[in-house]
Each structure stands twice: as structure tokens, then as C-alpha cells.
Protein chains: 4
Amino acid sequence: MADQRPLSLVSICGSLRKGSLNAAVQRALPELAPAGVTIQPLFGIADMPLYNADIQAEGFPKSVTDMAESIRRADGLIFVSPEYNYSIPGVLKNAIDWLSRLKDQPFAGKPVLIQSASQGALGGGRMQYHLRQVMVFVEALVFNRPEVMVAAAQNKVDGDLKLTDTATRDLIQQQLAAFETFAREASGK
Amino acid sequence: MADQRPLSLVSICGSLRKGSLNAAVQRALPELAPAGVTIQPLFGIADMPLYNADIQAEGFPKSVTDMAESIRRADGLIFVSPEYNYSIPGVLKNAIDWLSRLKDQPFAGKPVLIQSASQGALGGGRMQYHLRQVMVFVEALVFNRPEVMVAAAQNKVDGDLKLTDTATRDLIQQQLAAFETFAREASGK
Amino acid sequence: MADQRPLSLVSICGSLRKGSLNAAVQRALPELAPAGVTIQPLFGIADMPLYNADIQAEGFPKSVTDMAESIRRADGLIFVSPEYNYSIPGVLKNAIDWLSRLKDQPFAGKPVLIQSASQGALGGGRMQYHLRQVMVFVEALVFNRPEVMVAAAQNKVDGDLKLTDTATRDLIQQQLAAFETFAREASGK
Amino acid sequence: MADQRPLSLVSICGSLRKGSLNAAVQRALPELAPAGVTIQPLFGIADMPLYNADIQAEGFPKSVTDMAESIRRADGLIFVSPEYNYSIPGVLKNAIDWLSRLKDQPFAGKPVLIQSASQGALGGGRMQYHLRQVMVFVEALVFNRPEVMVAAAQNKVDGDLKLTDTATRDLIQQQLAAFETFAREASGK
């Protein structure tokens, strides 16, 4: 494998709050990634206005076109998101709504991985299946299993919001390794 | 029935653009409602910031608390929304995310009706089932059938965006009559 | 409450195997029900043929019409079911498909409660949301929350497959009490 | 492309009745397939018993192991199914439940295409998203778009239940061509 090209992934967190448990998972990804795989966080979703086709008609916001360009350049995309009210957070869905309207739609054919964390028992699972349905429309290639749904996530980080739970870290490591294979096959890299 | 109390409903449109086909459906509701039923549109969702628990910690935006109060006072709530990317528009989900965090959560026990319109063949149906799942969490009482999914909606309005299609108007009228019964039973009115 | 009429519920288990963990939950229901509420198990789903409209044209099987009659007479229906492949077991869905074709469709307006148990971490949750969608079509009235999804159910029964886990029993007790109120309001009892 | 290996697909219909509109779609597939692509129908689902782990413990039925072997040998699988009660027909789900329990699970890594037909306006769409969720668990690779949901299917066949509607035939042809590419990439053929 020594001669494989590096794989460059980006990640988007669906929560905006500073103390987000999902952001904690997102921050742990680079150190859990296989050798040769980089994972860079994208932060623009907080800067996007609420989607409105009348705004779009005047031109896409820079926060949207910038994020789209970062996704297009990447070999794959990782969503790390909480579940709000049994579904996708509005703030994350709003970003997807914007990005999906671009002419050169950045999700098309893109390998996508979904992770979630929550304080509840299901770890955000309901959000994941709604997000999968959204990804059908934008023609992304969503990785199947293993799935990462971090339940009771508040007990799996330390006081600095570092993801410390060993079982969770192991599962994510295993998932990222499997996703690497999936993304390489999809991109022919 | 002459001695029944009037039933007061509110409606929320999931699209912000001026020429929205869903807004056209929303505007038609009052004239299609049974006698004794009023339906008042609520417009605040465009004014809500992207949901962020850190903002919430400083106090709920007035747009959120105002809309919550209007919903609490109403005998029922009607969502009229497009489907974005096979799910709920981020902008509408964002409003629900805000409203759901209030202490006296306004959806609890509230009779809810869902309508959708789209230019496609399914009339926004995929959005409706995601929204139903969201309503489970917030403990709303969602009306079942008949469902209103206005397909090819661009052909069912006139040049002034007035809903003119007779079959659609008849179906909505029939649905509103059934929802009236449902909402009266739920509220004991 | 002393003068309330008794409430008569029926339950259907979505698994056929003798050692079913969901059957263990189902068997525990009568002793966890509030005073004045009876819960009787229905066992016919194993006897129904695979749904085929050509068979239906020759007459509904007795297993179908019998179960339908039991559901019609009941004040509410409880599904206790595993999740198979992230959805409703085929065997349970097959029963619903048969029952839904009857002229006097037994689910219409019926208060319905959904419970699930699994050996996994989500406790059958994915099945529940699919079943909720099915219940929209047949116009049942599905109770919202609290939800009962018994995760790691193999650790919550004893050697005789009796549900012994205290927290689970308490949650079910609480849910049944809330469902009683819901079902009484729906049926005007 | 002249030197490409032939691609061998199999199809499963989710309806058992003789006059099935979905069977009509299934029968049309071979003539709509691209050159070099064969599509063979599999008929075993009517012969499978209702899934029961106790039966499984005594040995898988031959109808199950035969169908599994046919799927394993194929380069891809096409489901053509009605929607029953807003979800997957029990009879089809029952077959999947059986097949998924085999040690060498036949769906794993298999390219899958979903089609549906109905007499209603949505063409079976709700079934498709439930089936997609099922396919996540069994780790199939489900094709995204274009989707084929044949609405008002009774008007798109002739008196011999031959699919005659030109627009539908064109869409299926286009979908099969895109699925061929998808399946070849997935299988490295």
C-alpha cells in the first residue's frame, strides 16, 4: 500500500455550539484516520443565511461556494452531527440545501460517511437515516457499515471535550479504515 | 353544530421565497376552511438565527418566543412546506429546532396537519414522513388522511400565484373539514 | 377513576420463535398494566399465508378475519416486535397487509402502542418509525412518547424468559399508564 | 465497449398476484436492458415460509438457499415491488429476512436497483426509501438516480399486461443504462 496516493477527506459538524459532543468526535478524526488519510474540518455552515431562492437568484453566498469547492476537491466527506427532534439539525440541512443548488453540485458521486453522537441511548441514529435519504437525491455514495452512533456521548469525553472512550475510538478507527477502502474504490485512487 | 366554538388554527410555510407555490397553498387555506374555522399565517421563521445552544443560553430570540405563543394559543397548526433534497427544508427544521427547546414546548399535544406542494411528481411526500417523525419527538398529534401532496403545483396556480386547480381545492377543503373534527376531538372543543 | 369502564387491549408479537425476547416483553404486559386495563395476546400471524391478492379474491383466511375481529373489539392495540434488517419483520408486515385489505379495516381510528426489544443497542428503534409510517396509511392513532425500545434485551430477562429488569419494567408501566389515558380519550371511554 | 464482459442481473418482484403491475414491469426489463446485459427473474419468494428462527435452526428452506445462490452469482439485483401500506410488502420483506440470515449473506456488496409501480400518484415511492434502509443493514450498494416509480401503472400497460407506456419505457431504459455503469464499477467488470 506504500505507493497509494494520499486520501484527502473533509468533515462537517452539524452542531454550532462550542461545547458540542459531535465537534469532539470531529476533532478526534484526524488522529484515528489510517496512515495516508487526512481529514480537514470545514466550518462554514454557521455563516450561511437561511436558504431562500430569492437570495440565491442574486448570487450564492461566499460561505456556500467556498464550502462547495472544498468538498469538490476532497476525496470524501464525513458528516458528524447530532440528532435534533429525531431528524437532521436544521442548521446542517440548511447548508445542504444551499450546496445542493449549485450547478456543479458538490455531493454528486462523492463518497460520504455519516457519524453521530448524542446524550441519549440511540446515539443520533434517527438523524442518520434521514440524512441517508437526503444523500440519495444529491447522488452521493454513502458508506454502509459499521455505523458510528455514539450514545451517552457525555460520558465518553474528558473535561477538555476530548474523545477518550476506547471502545468508541476503536470503532471509529475501524470505520475510517473501511471507509478509506470504499472511497478509494469509488474514486479509483 | 351551530353552537360549536370557533376553531382557531395557524399555518407555517416552509419556503421563504416570494413566489413560493407552498405560500400559494397557504394563502388559499382561509377560504377553503369550514365555517367557524379561522387559519392565520405565521411568518417568523425567516427571522430566526441558525439554531445554536450558545445563543439559546443567552435567551431565546423574540421571533421564537412570539411564534411559540401564537402556536400555544391556536387550536391546531398547519405546516405547508416544500420538500428540499427529499426531506424537510433546513429553514423550517431550524424553526422547529428552536421552538422545541422552549420550556413550555408549543407542539406538545397540538393537533397538526401537514401539506406540501412541489413541481415534481410526488408533491413533497418524502418531506411529510420526515416531518411526521419529528412530530413524534415533540409529541404533537398529527392528522393522518387524506394527505395533501400537490404535485406539479406550478400548473395549479394562476399568474398571480392563486391556487386555482379545482381538484386540489376540493381535496384541501375535504382535508380541512376532517382536520376540524380531529382537532375538536383532541382539544375537547 | 373508580367508575371508569375497564379498558380492553390486545397485543401482537412480531416474532414467531419460541425463545423470542419480544414475546417475553409481551407476556409481561398484563402484570404491568394499570388497574382496570386488560391486555390479551393475539397469536394468529403465524397462520396467515403470504399475502396474495389472488388468494384474497377467493376469500380471506380465517386467521385474518379472526384477528381483525379481535382488534375491532379492543380499545387499543399494542405491537411488540423485533427489528429485522432495520425495518418491520416480514411476518408482521404480512399480517398487517392482510388485515388492511378488509372492508371494515380494523386499524382505522384504533389507538396503537409500539414497543420493541432487540439484542442490539438501539432496541429496535428503526422498526418503530417504519411501523409508524404504515399506521398512517391504515389511519391508526399511534401513541407518541415515552417510547419503549428495550436494548440488550437478552440481559433483561431471566432463564425462563421472564422480563426482570426493573428499569425496563418501570418504563413500560409508565408508558402503559400514559397509553391508557390516550386510548380513553380517543375512544371516549 | 465491445470487449466488455456480459453483465448478468437478476430481478425479484414483490407481488405474488398473477395480474401484478410490478410483474409487468419486471417482464419488460430484459428488452429494455442495454446490449450485453441480461436480466433473469427469480420466483422463489412465494415458496418461503414465514420467517421463524426455530425453522432456521433446523435448516434453511431450499427456496431460500436457491435464491441466495442465484443472487450471489449475479452481478446485480433489481427489486420491482409494489408499496403495501406505505412500506415494503410483507412477502418481499419476509424473503429478505430469510436471505439475510445466511452465513454467506447474498446482498453484501451487491449492486442493487429499486423500481416500483402502483395505481396511486406516488408510484410506490414510500416503499423505496424503506427498502433502501433495509439495504444498509445487509450492506448492499443501492443505485441512486434516476429513480423509477411508475404512478397510475394500470394506465401504462395493455390488456395483456405488457408495459407499453413510452415515457416509462424510456425512463427504465435510461435507468438500466446508468445502473450498468454503476454495477460494472462496483464489480470491477
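Attention here is on the structure that accompanies the text. (Residues numbered from 1 in each chain as written. Chains lettered and ligands numbered in written order. Predicted model: local features only at pLDDT ≥ 70, side-chain atom pairs only at ≥ 80, totals over all residues. Heavy atoms only, no water.)

## Overview of the interface of chain C and chain D
Put simply, the rule reads: Any pair of residues with heavy atoms lying within 4.5 Å of one another is described as a contacting pair. Joining two parts hides part of their accessible area as seen by a 1.4 Å probe, and the buried area is that hidden amount summed over both. Each helix is a run of H or I in the DSSP string that is no shorter than four residues. Each strand is a run of E no shorter than two, and both are numbered from the N terminus. Charged means Asp, Glu, Lys or Arg here, nonpolar means Ala, Val, Leu, Ile, Met, Phe, Trp, Tyr, Cys or Pro, and polar covers whatever is left, Gly included.
Listed as interface residues are 32 residues of chain C and, on the opposing side, 32 residues of chain D. Area buried by chain C at its contact with chain D is led by Leu50, Asn85 and Tyr86 of chain C, which between them contribute 26% of it. Elements with a contribution of two residues or more to the side of chain C that touches chain D: α2 (53-58), α4 (90-100) and α5 (125-137) of chain C. For the side of chain C that touches chain D, the element with the most residues is α4 of chain C, which contributes 7 residues. Along the lines of polarity and charge, the residues of the side of chain C that touches chain D split into 17 nonpolar, 8 polar and 7 charged.

## Details of unusual backbone geometry
Residues Arg145 of chain A and Pro146 of chain A are joined by a peptide bond in cis, for which omega reads 5°. Backbone geometry at Tyr86 of chain B places phi at a positive 65°, although glycine is not the residue there. Here Tyr86 of chain B shows up in the loop between β3 (76-81) and α4 (90-100).

## Some thoughts on the relation of the copies chain C and chain D
To be explicit about the condition: In superposing the copies, a least-squares fit is computed on C-alpha atoms, taking residues whose pLDDT is at least 70 in both.
Of the two same-sequence chains, chain C is brought onto chain D (RMSD 0.0 Å, axial shift 0.0 Å) by a rotation of 180°. Such a combination of rotation and displacement between the chain copies is what one expects of a two-fold axis. Relative to the rotation axis, the closest C-alpha in chain C is found at Gly90 of chain C, a distance of 2.2 Å. Residue by residue, 100% of the interface of chain C is reproduced at the interface of chain D, so both copies engage with the same surface.

## Concerning the side chain of Glu147 of chain D
Defined as follows: For every residue, the accessible area obtained with a 1.4 Å probe (protein chains only) is divided by the maximum for its type, and the residue is called buried under 20%, exposed over 50%, and partly exposed between those limits. Distance and chemistry together define a polar contact, namely a pair of N or O atoms within 3.5 Å, with one atom able to donate a hydrogen and the other to accept it when in protein, and with adjacent residues in sequence counting only for side-chain atoms on both sides.
Inspection of the secondary structure assignment puts Glu147 of chain D in the loop between β5 (141-142) and β6 (148-150). What makes Glu147 of chain D buried here is its relative accessible area of 14%. Here Tyr86 of chain B takes part through its side chain, which lies 2.4 Å from a polar atom of the side chain of Glu147 of chain D. Polar side-chain contacts of Glu147 of chain D include one of 3.0 Å to the side chain of Tyr129 of chain D. Excluding residues within four positions of it along the chain, Glu147 of chain D makes contact with Val136 of chain A, Tyr86 and Arg126 of chain B together with Gln128, Tyr129, Arg132, Leu171 and Gln175 of chain D.

## Brief notes about the packing of aromatic side chains
Heads up, the rule is: In this analysis, rings of Phe, Tyr and Trp, with Trp reduced to its six-membered ring, are considered paired at centre separations within 6.5 Å, and the interplanar angle assigns stacked below 30 degrees, edge-to-face beyond 60, and tilted for intermediate values.
Inspection of the entire model under this criterion finds 36 aromatic pairs over all chains. Summarising the aromatic geometry, the rings of Phe79 of chain B and Phe107 of chain B are spaced 6.4 Å apart at their centres and angled 35° between planes, so their arrangement reads as tilted. Of the two residues, Phe79 of chain B sits in strand β3 while Phe107 of chain B sits in the loop between α4 and β4 (111-117), which places them 28 residues apart along the sequence. Neither Phe79 of chain B nor Phe107 of chain B differs from the other in exposure class; each is buried. Their ring planes at 70° and their centres at 5.6 Å tell us that Tyr129 of chain B and Tyr86 of chain D sit as a pair that is edge-to-face. Residue Tyr129 of chain B is found in helix α5 (residues 125-137), and its partner Tyr86 of chain D is found in the loop between β3 (76-81) and α4 (90-100); the two belong to separate chains. Residue classification places Tyr129 of chain B among the buried positions, given a relative accessible area of 8%. In this structure Tyr86 of chain D comes out as buried when scored by relative accessible area, which is 4%.

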